[in-house]
Amino acid sequence: MKKRQEMNFGKIEKILVFGGGNSCINFILEANKKDFDVVLFSSKRLLEERLNNIKFESRLIKLSINYIYVKDINTIDCKKYITNSSLGVSFGAPWIFKGDFIDKFNGKFVNEHGAKLPEDRGGGGFSWKIMRGLSFGHHLFHLINKKIDSGDVILMSEFIFPESCTTPLDYEKYSDKDKIIFLKNFLIKIKKQESFSRTPQQDSSSSYFPRLFTARHGYINWDWDLDEIIKFIDAFGEPYGGAITYNNEKKVYIGKVTKDKSGKSFHPFMNGLVYRKTEDSLFISISNGSLVIKEVNDEYGKSTIDSIKIGSRFYTLQEDLDRAKSYRAVYSSQGLE
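Residues numbered from 1 in each chain as written. Predicted model: local features only at pLDDT ≥ 70, side-chain atom pairs only at ≥ 80, totals over all residues. Heavy atoms only, no water.

**Q** Please explain the sheet that holds strand β14 (residues 243-247) as it appears in this structure.
**A** Strand pairing within a sheet occurs via backbone hydrogen bonds; the two strands may be parallel or antiparallel. Pairing is antiparallel in the open sheet, where 4 strands are placed in the order β20-β15-β14-β21. Edge strands, defined here as strands with exactly one partner in the open sheet, are β20 (296-297) and β21 (314-315). As defined by bridge partners, strand β15 (residues 250-254) adjoins β20 across 2 bridges and the pair is classed as antiparallel. In the strand pairing of β20, Ile254 is matched with Val296. (Pairing = 2+ DSSP bridges. Helix = DSSP H or I, 4+ residues; strand = E, 2+ residues; numbered from the N terminus.)

This is the structure:
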């Protein structure tokens, strides 16, 4: 096992931030309070991303946070930004940093990762976590090197998500709230020029999970057992459009679901059947239990739960399930490729 080493960034006056999202904004606001000179670099995809239907770019403007739009970060002239007192910090940056760009920081370049490393390298973090039934959350900073998500970890904290968190949006909101303290502590250590303990990642325990794209990956397999279906639907819940399936030859998006505790069980041929309907819920037969659906929308986000008839069936085409497993979502700074 590799030993930990102490490291110190020295005096930092300017912080170059790369990326977007809630954590990025919270970090910049805290850095401004501590009188750091902050420069934000972002991309088309991140500037157009929405949270609670508000674009990231609109939030930056409202908070008077200036930013520099960049298509390819590796092509910018860094001389006027990077000095001996500069620190680079990435928050979900959409670019692949090339070696010569990384080298310009002389080791003062870190990435914020919202999951444990090296166990959870890659993207789609909260959705994969929900599918796997994991309740532990992590905040960490690691050094950026030429291999994605593999640099030494220099700061980490662990917490537990409450049972009330079911969708990716629930996880994100809780994580962001908890993360503010973590970001403050990181900036305090930087301001005080305190040392960090470098912990090398052990590749023998590493895992990598790729990014997800709901429109291709979000199809429900009704042959799964009840808990697997619930986790999958939750994983594609807010802020995403919902897990996808069909009813009466129409594509629908299922959101809020829960488990019926009556103890019913059904033959596998009955999977997906709407066997009971109340004013606000649909009861669906699954071989080892009963699924309660409280939200069904069309492709425009309009509720269609009232139009779902008792005795009808939710089903997914095999070609959609096959495509979901074979498709690899690749995102650039401009969006989905």
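**Q** Please clarify how helix α5 (residues 125-132) should be interpreted in this entry.
**A** Because an α-helix packs 3.6 residues into every turn, residues spaced three or four apart end up facing the same way. Within α5, the full set of buried residues consists of Phe126, Ser127, Trp128, Lys129 and Ile130. Residue Gly133 follows α5 closely and has a positive phi angle near 70°. (Buried < 20%, exposed > 50% of the residue type's maximum accessible area, 1.4 Å probe, protein only.)

**Q** Can you help me understand the environment of Leu140 in this one?
**A** Along the chain, Leu140 turns up in strand β10 (residues 136-143). On the basis of relative accessibility, which here comes to 0%, the residue Leu140 falls in the buried class.

**Q** In this structure, what is going on with the packing of helix α1 (residues 22-33) against helix α6 (residues 168-191)? I would like to understand it.
**A** The angle between the axes and the distance between the axes are what describe a pair of packed helices. Put simply, α1 and α6 touch, their axes get as near as 10 Å, and they point 30° apart. Crossing angle aside, the handedness with which α1 passes α6 is right-handed. On the side of α1, the interface is formed by Asn22, Ser23, Asn26, Phe27, Glu30 and Ala31, while α6 contributes Glu172, Asp176, Lys179, Ile180, Leu183, Lys184, Phe186 and Leu187. (Axes fitted to C-alpha atoms, helices over the stretch in contact; angles between N-to-C directions. Left-handed = near helix turned anticlockwise from the far one by under 90°. Contact = heavy atoms within 4.5 Å.)

**Q** Would you mind showing me how to read the packing of aromatic side chains here?
**A** Tallied over the entire structure, the rule returns 33 aromatic pairs. Plain terms: the ring middles of Phe41 and Tyr81 are 5.3 Å apart, the flat faces sit at 90° to each other, and that makes the pair edge-to-face. Here Tyr81 lies in the loop between β6 (68-69) and β7 (86-91) and Phe41 lies in strand β3 (residues 37-42), a separation of 40 residues in the sequence. Both residues of the pair, Phe41 and Tyr81, count as buried. Where Tyr246 meets Tyr315, the ring centres are 5.7 Å apart and the plane angle is 20°; that geometry is what we call stacked. Placement of Tyr246 in strand β14 and of Tyr315 in strand β21 is noted, with a sequence separation of 69 residues between them. Of the residues examined, Tyr315 reaches a relative accessible area of 26% and is grouped as partly exposed. Seen from the ring of Phe196, Lys189 lies directly overhead, with NZ or CZ sitting 5.0 Å from the centre. Between the NZ or CZ atom of Lys191 and the centre of the ring of Phe36, over which it lies, the distance is 4.7 Å. (Phe/Tyr/Trp six-rings, centres within 6.5 Å; stacked < 30°, edge-to-face > 60°. Lys NZ or Arg CZ within 6 Å of the ring centre and 35° of its normal.)

**Q** So what exactly am I meant to see when it comes to the side chain of Thr304 here?
**A** Mapping Thr304 onto the fold places it in the loop between β20 and β21. For Thr304, a relative accessible area of 16% translates into the label buried. Contacts of Thr304, omitting those with residues within four sequence positions, involve Val252, Val296, Asn297 and Asp298.

**Q** What's the story with the sheet that holds strand β18 (residues 282-286) in this structure? I'm lost.
**A** Strand order in the open sheet formed by 4 strands is β16-β19-β18-β17, and the pairing between neighbours is antiparallel. Single-partner strands in this sheet number two, and they are β16 (257-260) and β17 (274-277). Sheet twist, expressed as the mean angle between neighbouring strand axes with direction ignored, is 30°. Pairing analysis gives 3 bridges linking β17 to β18, with the strands arranged antiparallel. If you follow Lys277 over to β18, its bridge partner there is Leu282. Sitting on the sheet, helix α8 (residues 226-235) touches β16, β18 and β19 (289-293), and the angle it makes with β16 is about 165°.

**Q** Please clarify how α8 should be interpreted in this entry.
**A** Among the 10 residues that make up α8, 7 are buried, leaving the element largely enclosed by the rest of the structure. The N-terminus of α8 is capped by Asp225, whose side-chain oxygen sits 3.2 Å from the backbone nitrogen of Asp227. (Polar contact = N/O pair within 3.5 Å; in protein donor to acceptor, adjacent residues only side chain to side chain.)

**Q** For this particular structure, what's the right way to read the pairing of β7?
**A** Consecutive side chains along a regular strand alternate between the two faces of the sheet. A large share of β7 lies buried, amounting to 6 of its 6 residues. With burial as the criterion, each face of β7 is covered, one bearing Ser86, Gly88 and Ser90 and the other bearing Leu87, Val89 and Phe91. Note that strand β2 (residues 14-19) and β7 share 6 bridges and pair parallel. What sits directly across from Val17, in β7, is Val89. When β7 meets strand β8 (residues 109-113), the two strands line up parallel, connected through 4 bridges.

**Q** Explain unusual backbone geometry here, please?
**A** In terms of backbone geometry, most residues other than glycine have negative phi values and most peptide bonds are trans. Look at the link from Leu117 to Pro118: it is a cis peptide, with omega at 10°. Along the polypeptide, Pro118 turns up in the loop between β8 and β9 (121-122). Across the junction of Glu238 and Pro239, the peptide omega takes the value 10°, indicating a cis bond. Within the fold, Pro239 resides in the loop between α8 and β14.

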